[in-house]
Structures are given as structure tokens and as C-alpha cells.
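Summary of the model geometry
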Amino acid sequence: MNLFSTVELAPNDPILGLNETFNADPRPTKVNLGIGVYTNDDGRIPLLRAVREAEKARLEAAVPRGYLPIDGITAYNSAVQKLLFGAASPLLAQGRIATVQALGGTGALKIGADFLRRLNPSAKVAVSNPSWENHRALFQAAGFEVVSYPYYNAETQDVDFTSLVNAFNTYAPGTIVILHACCHNPTGVDLTPEQWQQVVHIVKERQLVPFLDIAYQGFGVGIEEDAAAVRLFAEAGINSFIANSFSKSFSLYGERVGALSVITSSEAETLRVLSQLKLVIRTTYSNPPTHGGAIVAAILNKPELRALWEQELSEMRERILSMRGNLVAKLKQYGANRDFEFVNRQRGMFSYSGLSAQHVERLRTEFGIYAVSTGRICVAALNTRNIETVAQAITQVLNTT
Ligand code: PLP
């Protein structure tokens, strides 16, 4: 009897599968808007100058490669806290945040999920509809039942806030609600500051457990502005989980840099929570890798490198915004039969374009333009060389159906 004879073939990841088809496409004019990475105007993933400088210094210092502590680099974790909560946050002074370095945002979500599962195995997890597809899969894999809450209204191209509130009001105490702190993936549509305040109020009143995912800090409005939701939960003193990722903001996708922060009620509680997070890490991958964390810590803690990074981050943000504006203008110029102004209101790397699965299929077969079948396009993959092709193709597909 062969051990693996009954093993079934697991389905392909839809987005990675799309990449494979894209790579095999021989058309020179092909464009990949299906991916979730930022590319610059040359269509390449940038290596930030701040990263290059920090790497040069590290290489020259020729540091030995010992193990890191289970929770990672101390200077990294404290820089993460300042970035998320603000250097002046009283929670920092009170020792009320437990932070551990993690393997990207995904690793942070996983450590948080495993810890929560030990804490409250019968809790339900609620994710937005739609959401980054790994949210559901990851929390299910951690053993939770996952439900979804209404989020996006395709007709208004906005948040369906009334339905979101109604759903939250039905949740049992202890329900874990996954919230995108900024630059919602896949829709690009965020809550307003007033809506965030209401969410904080409901979460507190109903004793829900907020788990904020912040993978695009600095890609929306700015570093501080994009952390506003995290800071509202912090100010309200709510026990919250925050998974942050530096994959996009430092363009360090493959280095796996992120962190999990947990807001506790006291310094003593922080110590206890931290000890449990370390237990999860120890039995999962023992301790995190050095390189990415050391580079990010150096950049965030050295004023010149930090200033350079902030400048490069704003350049990425501004480029995405200008691509949004260009796309809207060109679609109008070519006579697309719908108004795309909503694309200018969305934030972050993505746009729920409103294109149907059939439109997406035609874009791929007729024009070699790849997007996710839900109509999600990565605006950060548009550039001055491909935007004409994309706008013309979208217009053609829309106006001939
Ligand atoms: N959370 C959201 C909302 C994301 O969009 C992503 C990446 O696409 C992640 C988490 C994962 O980030 P990382 O690549 O750092 O694991």
C-alpha cells in the first residue's frame, strides 16, 4: 500500500496560477494586473535606495549569523511599535504592547491565530466580504470556523456600512473580527474616520476581538494617516491584535518581514502574552530570520535612512495615485461607456474595477491583459508604457459587449 496513493491534488492558488499562465504567454504586449506587488515605471520590483544603503553597511560590518531571540530583534520590534502606535503613545510607555517579529504579515496572522485558538477555541472568526483570500484559509487552517461580514457594495462602489454594523451587532462576545486597517485588499475601499470610530465603539460594547491587518502602511494617504485605525483601537485601550507587513512598504517581499503586536491591559499581562506568543513561535519555526529584520530596523532607527525610505515610500504612493488618475482620464478619453471616477477614490495597490469575469476573460484572450476574475486589478502594476494599451483594451471590451 502506497502511503500517498489517496492524496488528492490540492487546487492551485488562483492568483499564482494566473502568474504561470501570464509567464507562458508569448505576446510582447502582455500586461499582468493580477499580481499583488508594486512595480515601478519600468515594470520592475524596486530595490529601495534605503535598503541598498542598509545592506551595504551590514555587509561591511560582517556580522556573525547567530540565532535571533524567539521574538526577534529588539530594535526592530520597538521600531514597529512606534510606527504603528506613534512614538508618543502612552501604551508604549506603559509597556502594554507585546510585539514579536514575524515572517511577513502572513506569519504574523498565523502566530496570532494559533495563540487565539489556544485562548478561545470555540470563537468564530469574521472576515470582510470580499477579503484577501488567505484570511479565511489561514484562520480555517488554525481550526476556526470562519464567517464573513458584508463589506463592499458593488452598486455604490463603497462600503456597505449599515450591513457591516448590523452583522457586527449579531456577533457573540469573543468573536474575532479581521479588519483591514488601510488600503483594503481587494477593493481599495476603506472605512471613513467616523465609521472607524463607530466600529471601535461596537467592538468595545459587544466585546469582540479586533484583529487588524495592516499590509500597506504608507500606500494610502501617509505613514501616520494610514495607522489611524490602529491608533483608535489603542486609544480605546481595547485588547487588539495587529499584524503588520513590510513586504510592500520596503519592497522586501521575499525577506519575510512583518510583526504581530498585541495590546494588553498591563505590563504584567504583556509579559504573559509575550511568553505564549514565544511558545507558538518556538514550536513553529523556532526563531525568525535575520536579514530582513536587521535591514528594516537599521532604516527605521537611523534618521538619514529613515528620511530616504519615507521619501521613496511617498514616491511609490504618488506613482500609484497618478496611475489611478491617468487610467480614469484615458478611459474617458477613449470613450469607455462607464464612469471610472471611483478609481480615484480608492486607496492602496488595488482597484475593484467593476469588470465582470467575462470582461476579464476577454482582456486576457484578446489583449494579453491579466486580471483577477473578480475584476481586481493591481493599479501599482500600471506604468507609462502599458497604460494606453490597458485603457484601450478595457474600453474595447466594455463597449463591444
Ligand atoms: N494581508 C493583506 C491584506 C495582504 O494583502 C497581504 C499580501 O498580499 C498580506 C497580509 C501578507 O503579507 P506578507 O506578504 O508580508 O505575508
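This write-up is about the structure you can find in this document. Keep in mind it's a predicted model, so treat the numbers as computed, not measured.

Taken together, Gly36, Gly104, Gly105, Thr106, Trp132, His180, Asn185, Asp213, Ala215, Ser245, Ser247 and Gly258 make up the full set of residues adjacent to the ligand. If you tally residues by element for the shell around the ligand, the top one is helix H5 (residues 104-119), at three residues. Among the residues making up the shell around the ligand, the classes are represented as two nonpolar, nine polar and one charged.

Moving on to unusual backbone geometry. Across the chain, the bulk of peptide bonds are trans and the bulk of non-glycine residues have phi less than zero. Cis peptide bonds are those with omega within 30 degrees of zero, and the linkage from Asn129 to Pro130 qualifies with 5°. By the secondary structure assignment, Pro130 is in the loop between strand S3 (124-129) and helix H6 (133-141). Following Asn185, the chain continues to Pro186 via a peptide bond in cis, the omega torsion being 20°. Checked against the element boundaries, Pro186 lands in the loop between strand S7 (176-180) and helix H8 (193-205). Residues other than glycine seldom take positive phi values, yet Gln207 does so here, at roughly 55°. Tracing the backbone shows Gln207 in the loop between H8 and strand S8 (209-214). Classification of Gln207 as partly exposed rests on a count of 13 C-beta atoms within 10 Å. Its identity is not glycine, yet Ser286 carries a phi of approximately 75°, on the positive side. Tracing the backbone shows Ser286 in the loop between helix H11 (267-282) and helix H12 (291-301). Assessed through the 10 C-beta atoms surrounding it within 10 Å, Ser286 is described here as exposed.

Cut-offs used in this document
- Starting afresh in each chain, residues are numbered from 1 along the sequence in its written order.
- Residues qualify for local features only when their pLDDT is at least 70, as the model is predicted, and side-chain atom pairs are given and counted only at 80 or more; totals for whole chains, interfaces and linings, by contrast, use all residues.
- As a rule, any residue with its backbone-derived C-beta atom within 6 Å of a molecule or strand is reported as near that molecule or strand.
- Secondary structure elements follow DSSP: runs of H or I of four or more residues count as helices, runs of E of two or more count as strands, with numbering from the N terminus.
- Asp, Glu, Lys and Arg are counted as charged, while Ala, Val, Leu, Ile, Met, Phe, Trp, Tyr, Cys and Pro are counted as nonpolar; the rest, among them Gly, fall into the polar class.
- As a rule, residues whose C-beta atom has 12 or fewer other C-beta atoms within 10 Å are exposed, those with 20 or more are buried, and those in between are partly exposed; C-beta atoms are placed from the backbone.

By themselves these figures say nothing about function.
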